[in-house]
Amino acid sequence: MSSITGPLNVTSTFVTFFAVVGPPKVMLTFAHVARERTAQEARRVALLASAASALLGALCAWTAPYVTDFFHISAESLELAGGIIFFLYAVGLVLGMHLGADSQEEADEMHPLVSGFRELLLPYVVSPLAVTAVLVESLSKEGWAWRSTVVASFVAVALIDAVCMVATTGLLRKVHTTTLEMCSRLLGLLLAAVGVELFLTGLDRAIRAWGNVH
């Protein structure tokens, strides 16, 4: 059985998570967070959002089989839906449209951490792409050991995000976002390929399952 990006192994899982919720995707939103707040406040937002993202990713990975069983969702259906979501989001990135993102808001002087966290919520903490990737990877192989490996890969990406955001806070408060936009559009090409691969994998498994039934 294959994962989203290739043979079932830790490296491919890590690459998948890096593509859907890694620095190229998160830094663009964090650049606005950093410019609207002091460096110390921005760094606190980065650490808080990264911790929350890692916790949610771990929860989704460990509970993936129980969640899908509860909602009667097959792995094939999840792969098909995930492939469509990945592809549509990737097309938006390539065209410069950040689908599903909230409009950027001014920093709340009374609650800078809360408003910053809210701004990173959808693209990072509860990212539909990341949640879908975690569920698919967790279901690609049975056992708590594998799901714990998925958790470790996701937490590693969240840690890399935190380090990148904290280390570049001062730079992001001054740099123009054009470079980040270029990186975002290049990432869109990768995500489009990931989406197509995931959809085809789900379609192949669905056809095989239907053939076995009939």
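Residues numbered from 1 in each chain as written. Predicted model: local features only at pLDDT ≥ 70, side-chain atom pairs only at ≥ 80, totals over all residues. Heavy atoms only, no water.

Let us look at the overall build of the protein chain. Per the secondary structure count, the protein chain includes nine helices and two strands. Starting at the N terminus and ending at the C terminus, the protein chain contains elements arranged as β-β-α-α-α-α-α-α-α-α-α. Counting across all 214 residues of the protein chain, residues that qualify as buried make up 42%. Long-range contacts, defined here as pairs at least 24 residues apart, represent 87% of the contacts in the protein chain between residues at least 6 apart. For the protein chain, the exposed surface amounts to about 10,900 Å²; the carbon and sulfur share of it is 69%. (Helix = DSSP H or I, 4+ residues; strand = E, 2+ residues; numbered from the N terminus. Buried < 20%, exposed > 50% of the residue type's maximum accessible area, 1.4 Å probe, protein only. Contact = heavy atoms within 4.5 Å. Areas by Shrake-Rupley, 256 points an atom, 1.4 Å probe, with all protein chains shown as cover.)

A separate point is the pattern of salt bridges. Under the criterion given, the structure shown has three salt bridges. Here E79 and R205 are joined by a salt bridge, their closest N and O atoms 2.9 Å apart. One end of the pair, E79, is in helix 4 (residues 75–94); the other, R205, is in helix 9 (residues 178–213), with 126 residues separating them in the sequence. Salt bridges sharing common partners tie together E76, E79 and R205. (Salt bridge = Lys/Arg side-chain N within 4 Å of Asp/Glu carboxyl O.)

Bringing empty space enclosed by the protein into the picture now. In total, this model carries one cavity of 30 Å³ or more according to the counting rule given. If you add up the space inside the largest cavity, you get close to 40 Å³. Around the largest cavity sit L56, G57, Y124, V125, V126, S127, A130, V131, V134 and F154, which together line it. Elements supplying a minimum of two residues to the lining of the largest cavity: helix 3 (39–70), helix 5 (112–125) and helix 6 (128–139). (1 Å grid on protein atoms, 1.4 Å probe; cavity = no way out; pocket = protein on both sides within 12 Å on 5 of 7 lines; lining within 4 Å. Points joined across faces, edges and corners; volume = space filled by probe spheres on them.)

A few words now on the packing of helix 1 (residues 10–21) against helix 6. Two numbers describe how helix 1 lies on helix 6: the axes approach to 9 Å, and their chain directions differ by 165°. Looking at the two axes, helix 1 sits roughly antiparallel to helix 6. The element helix 1 and its partner helix 6 pack so that their crossing is right-handed. In contact with T13, T16, F17, V20 and V21 of helix 1, helix 6 contributes L129, A130, A133, V134 and E137. Of the residues contributing to the contact of helix 1 with helix 6, the split by class is seven nonpolar, two polar and one charged. (Axes fitted to C-alpha atoms, helices over the stretch in contact; angles between N-to-C directions. Parallel < 35°, antiparallel > 145°, perpendicular 65-115°, else oblique. Left-handed = near helix turned anticlockwise from the far one by under 90°. Nonpolar A, V, L, I, M, F, W, Y, C, P; charged D, E, K, R; others polar.)

Okay, the nonpolar core next. Within the largest apolar cluster, 46 residues are counted, with the highest numbers of intra-cluster contacts made by V21, F30 and L191. With nine residues, the single largest contributor to this core is helix 3. Discounting residues that sit within four places of it in the chain, F30 has contacts with A42, A46, L120, M165, T169 and L172. (Core = buried A, V, L, I, M, F, W, Y, C linked by side-chain atoms within 4.5 Å.)

Here the protein chain averages 83 in pLDDT, and 86% of its residues register 70 or above. By mean pLDDT, strand 2 (residues 6–7) is the weakest element of the protein chain at 47, and helix 7 (residues 144–167) is the strongest at 96. (pLDDT = per-residue confidence, 0-100.)

The subject of this paragraph is helix 4. End to end, helix 4 covers 28 Å across 20 residues, agreeing with the expected 28 Å (1.5 Å per residue, within 8%). For helix 4, the full list of buried residues reads E76, L78, E79, G82, G83, F86, Y89, A90, G92 and L93. (Expected span 1.5 Å × (residues − 1).)

In this section: the packing of aromatic side chains. Counted by the stated rule, this structure contains four aromatic pairs. Ring centres of Y66 and W144 lie 6.4 Å apart, and the angle between their planes is 40°; on these two criteria the pair is classed as tilted. Taken together, the positions of Y66 in helix 3 and W144 in helix 7 put the pair 78 residues apart, joining distant regions of the chain. Note on W144: relative accessible area 47%, which makes it partly exposed. The ring of W144 has R147 sitting right over it, with the charged end atom 4.5 Å from the ring centre. (Phe/Tyr/Trp six-rings, centres within 6.5 Å; stacked < 30°, edge-to-face > 60°. Lys NZ or Arg CZ within 6 Å of the ring centre and 35° of its normal.)

It is worth spelling out unusual backbone geometry at this point. One non-glycine residue with positive phi stands out, namely H72, at about 55°. Position of H72 among the secondary structure elements: in the loop between helix 3 and helix 4. Take H72: its relative accessible area is 74%, and that puts it in the exposed class.

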